[in-house]
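Below are the chains, spelled out letter by letter.
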Amino acid sequence: MRYFLDCEFNGFDGPLISIALVPEAESHGDFYAVLPCHRSLRWVEAHVMPKLGAPAQSRADVVAGLAAYLADDPEPLLVADWPEDIAHAAALLVYQGRRAVPHVRFDLINLQGFETASISAHPHNALADARALRREVLTREARALGNIAA
């Protein structure tokens, strides 16, 4: 199954703050986790930290939760529109080791004209942004198949 991925982090190439996976099938349930953020950048403090909406967990707990979330899917595909999101998700899996999730694929997509912040219900919240990414991808795919009007 495809899972739409979004992360928030403390500046470009900074530590992970939150991660969300939103499955293609809405009935499956979402994954969202927040990690502690020490000495957040001013922009992050103003735009990301107030929107987290969940308490921070240890990295080990987030890793275990992510591994458990993906464990029942034999072919998870994590889809992101930003390469750093993939890097952070992969780093969490490295922390656990490949045993927990033996097969994961990543797909970096380029959505021409898509800006998460413009359609997200809560911009800079990883869960809301991952839901916006799913909505945009599925809408574009439906249009391409002629299932909905442009």
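The coordinates are above.
Residues numbered from 1 in each chain as written. Predicted model: local features only at pLDDT ≥ 70, side-chain atom pairs only at ≥ 80, totals over all residues. Heavy atoms only, no water.

1. Quick word on the nonpolar core
Grouped together as the largest cluster of nonpolar side chains are 21 residues, with contacts concentrated most on Leu 5, Ile 19 and Leu 21. When residues in this core are grouped by element, the largest group, five residues, is from helix 2 (residues 59–70). Setting aside residues no more than four positions away along its own chain, Leu 21 makes contact with Tyr 3, Phe 4, Leu 5, Asp 30, Phe 31, Leu 66, Tyr 69, Leu 70 and Leu 78. (Core = buried A, V, L, I, M, F, W, Y, C linked by side-chain atoms within 4.5 Å. Buried < 20%, exposed > 50% of the residue type's maximum accessible area, 1.4 Å probe, protein only. Helix = DSSP H or I, 4+ residues; strand = E, 2+ residues; numbered from the N terminus. Contact = heavy atoms within 4.5 Å.)

2. Let's talk about helix 5 (residues 126–144)
Over its 19 residues, helix 5 extends 27 Å from the first C-alpha to the last, a length consistent with the 27 Å expected when each residue adds 1.5 Å. Residues Ala 126, Leu 127, Ala 128, Asp 129, Ala 130, Ala 132, Leu 133, Arg 134, Glu 136, Val 137 and Ala 142 constitute the buried set of helix 5. Lining the buried residues of helix 5 we find strand 1 (2–9), strand 2 (16–23), strand 3 (31–34), strand 4 (77–80) and helix 4 (116–119). Capping the start of helix 5 is the job of one residue whose side-chain oxygen sits 3.0 Å from the backbone nitrogen of Leu 127: Asn 125. Gly 146 lies just past helix 5 and shows a positive phi near 80 degrees. (Expected span 1.5 Å × (residues − 1). Polar contact = N/O pair within 3.5 Å; in protein donor to acceptor, adjacent residues only side chain to side chain.)

3. Considerations on the sheet that holds strand 3
Strand pairing in a sheet relies on backbone hydrogen bonds. The paired strands run either parallel or antiparallel. Read from one edge of the open sheet, five strands run 3-2-1-4-5, paired in mixed fashion. Of all the strands in the sheet, just strand 3 and strand 5 (105–108) have a single pairing partner and so form its edges. Between one strand axis and the next, the sheet turns through 25 degrees on average, direction left out of account. Direction of pairing for strand 1 relative to strand 2: antiparallel, over a ladder of seven bridges. Within strand 2, the residue paired with Cys 7 across the bridge is Ile 19. Contacting strand 1, strand 2, strand 3 and strand 4, helix 2 runs over the sheet at an angle of about 175 degrees to strand 3. Helix 5 contacts strand 1, strand 2, strand 3 and strand 4 of the sheet and is inclined by roughly 140 degrees relative to strand 1. (Pairing = 2+ DSSP bridges. Axes fitted to C-alpha atoms, helices over the stretch in contact; angles between N-to-C directions.)

4. Considering the pairing of strand 4
Where burial is concerned, the two faces of strand 4 agree: the one with Leu 77 and Val 79 and the one with Leu 78 and Ala 80 are both buried. With three bridges connecting them, strand 1 and strand 4 associate as parallel partners. Within the sheet, the bridge partner assigned to Arg 2 lies in strand 4 and is Leu 77. Pairing analysis gives four bridges linking strand 4 to strand 5, with the strands arranged parallel. When the sheet's bridge partners are listed, Val 79 is paired in strand 5 with Asp 107.

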